[in-house]
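Next come the chains, spelled out residue by residue.
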Amino acid sequence: MAIQYRLLQNRIKGSGNYGKYYAHTVKRGTISLEQIEEMIESNCTAKASDVRLVLRELFDTVKFYMQHGYTVDLREMGKLSISVKSVCVDDPKDFSSDKHIVGFKCNYTPQGRRYQSTGEKGRRNVHRSILDGCEAVETKYR
C-alpha cells in the first residue's frame, strides 16, 4: 500500500507560493499497540503478551537513558533524545533554569546514511532506510 496524498492550495497570502498546489499526506488512521503485538505474534513464535512485556521494558529503558542525557540508538529504528526548550536571555548571568527553561522536546532521527548527490555539485543527501519502498498515490477522497 502506498502513502496517500491529496492536493491542497496554499492560501497563506504572504507566502511566495500563494495560490499554488502542494501534496498533503492523508493519514489512514492509527495503529494501536495491541494491533502491533498481534501482527508480531502472527509473524514469529512470540506471543502477544511476550511482545507487550518486551515493548514495555524497551519503553522504560529508553525513557531512563533519555532522561539521563543519553541519545538512544535503536539501529534501523533510529535515534531518540530529549532536548530542552528555553527562553532567550541577553546575558548568560541572567539565565535561571526555573524561569527560562519552558519545556522539553523528544527528538527522533530515523537511521540514515549520508551520500554525495550525483546531480548538484557539493550537495549531500541522507538515505533513510525506513523510507525504502515508499510510494505515493493521489487519493480520490477530499
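Residues take numbers from 1 onward in each chain, read along the sequence in its written order. Totals for whole chains, interfaces and linings use every residue, but because this is a predicted model, local features are given only for residues with pLDDT of at least 70 and side-chain atom pairs only at 80 or more, for both listing and counting. Only hydrogens and water are set aside when side-chain values are computed; all heavy atoms of the structure are taken into account.

1. Structural notes on the overall build of the protein
So, point 1. Secondary structure follows DSSP: runs of H or I at least 4 residues long count as helices, runs of E at least 2 residues long count as strands, and numbering of each begins at the N terminus. Scanning the protein from terminus to terminus reveals three helices and eight strands.
So, point 2. The linear arrangement of helices and strands in the protein, starting from the amino end, is β-β-α-α-β-β-α-β-β-β-β.
So, point 3. Just to be clear, the radius of gyration here is over C-alpha atoms, and the globule rule we use is 2.2 Å times residues to the power 0.38. Rg of the C-alpha trace for the protein: 21 Å, well past the compact-globule value of 14 Å for 142 residues, more than 25% over.
So, point 4. Referenced to the eigenvectors of the C-alpha coordinate spread, the extents of the protein come out at roughly 60 × 45 × 35 Å.
So, point 5. Per-residue burial over the protein gives 12% buried out of 142 residues.
So, point 6. Contacts between residues were defined by any pair of non-hydrogen atoms, one from each residue, lying within 4.5 Å. Across the protein, every contact between residues at least 6 apart in sequence was considered, and the portion connecting residues at least 24 apart equals 28%.
So, point 7. Only the protein chains shown count as cover for residues, with accessible areas throughout obtained via the Shrake-Rupley method and a probe of 1.4 Å. As presented, the protein carries roughly 12300 Å² of accessible surface, and 53% of it is formed by carbon and sulfur atoms.
So, point 8. Positive charges are assigned to Lys and Arg, negative charges to Asp and Glu, while His and the chain termini are left out of the count. For charged residues, the charge sits on one atom: NZ in Lys, CZ in Arg, CG in Asp, CD in Glu. Here the protein holds 24 positive side-chain charges and 17 negative ones, and the gap between their average locations is 10 Å. The cut-offs for exposure are 20% and 50% of the maximum accessible area for each residue type, with area from a 1.4 Å probe on protein chains only; residues under the lower value are buried, those over the upper are exposed, and the others partly exposed.

2. Section: the sheet that holds strand β8 (residues 136-138)
So, point 1. Strand pairing is defined by DSSP finding a minimum of two bridges between the two strands. One open sheet holds the three strands; their spatial order is β2-β1-β8, and the pairing between them is mixed. Of all the strands in the sheet, just β2 (21-26) and β8 have a single pairing partner and so form its edges. For this sheet the average axis-to-axis angle between neighbouring strands, irrespective of direction, equals 45°.
So, point 2. Pairing between strand β1 (residues 3-9) and β2: six bridges, direction antiparallel. Each residue of the ladder has a partner; that of Gln4, found in β2, is Val26. Fitted lines through C-alpha atoms give the axes, limited to the stretch in contact for helices. The angle between two N-to-C directions lies from 0 to 180 degrees.

3. Some remarks on the packing of aromatic side chains
So, point 1. Here the aromatic set is Phe, Tyr and Trp, taking the six-membered ring for Trp, and pairing holds for ring centres within 6.5 Å; pairs whose planes are under 30 degrees apart are stacked, those over 60 apart are edge-to-face, and all others are tilted. Counting across every chain of the model gives two aromatic pairs.
So, point 2. Ring plane angle 90° and centroid distance 5.5 Å describe the contact between Tyr65 and Tyr70, whose orientation is recorded as edge-to-face.
So, point 3. For Tyr65, a relative accessible area of 39% corresponds to the partly exposed category.
So, point 4. Among the residues examined, Tyr70 registers a relative accessible area of 49% and is labelled partly exposed.
So, point 5. Among the aromatic residues, those joined into a cluster by ring pairs are Phe64, Tyr65 and Tyr70.

4. A few points about unusual backbone geometry
So, point 1. Positioned with a positive phi, Arg75 is a non-glycine residue whose angle comes to about 50°.
So, point 2. Take Arg75: it is sitting in the loop between β3 (72-73) and β4 (79-86).

5. Section: the side chain of Asn10
So, point 1. In this structure, Asn10 sits in the loop between β1 and β2.
So, point 2. Judged by its relative accessible area of 13%, Asn10 falls in the buried class.
So, point 3. A distance of 3.1 Å separates a polar atom in the side chain of Asn10 from a polar atom in the side chain of Ser15.
So, point 4. In contact with Asn10, not counting residues within four places along its chain, are Ser15, Asn17, Tyr18, Gly19, Lys20 and Tyr22. Residues adjacent in sequence count toward polar contacts only when both atoms are side-chain atoms; beyond that, a polar contact is any pair of N or O atoms within 3.5 Å, and within protein one must be able to donate a hydrogen and the other to accept it.

6. Some points on the sheet that holds β3
So, point 1. Taken together, the three strands give an open sheet; going across it, the order is β3-β4-β5, and neighbouring strands pair in antiparallel fashion. Every other strand in the sheet has two partners, leaving β3 and β5 (101-109) as the edge strands with one partner each.
So, point 2. Two strands pair when backbone bridges link them, and β3 and β4 are joined in this way by two bridges, in the antiparallel orientation. Paired with Val72 across the bridge in β4 is Leu80.
So, point 3. Lying on the sheet, helix α2 (residues 48-67) is in contact with β3, β4 and β5; it crosses β4 at an angle near 45°.

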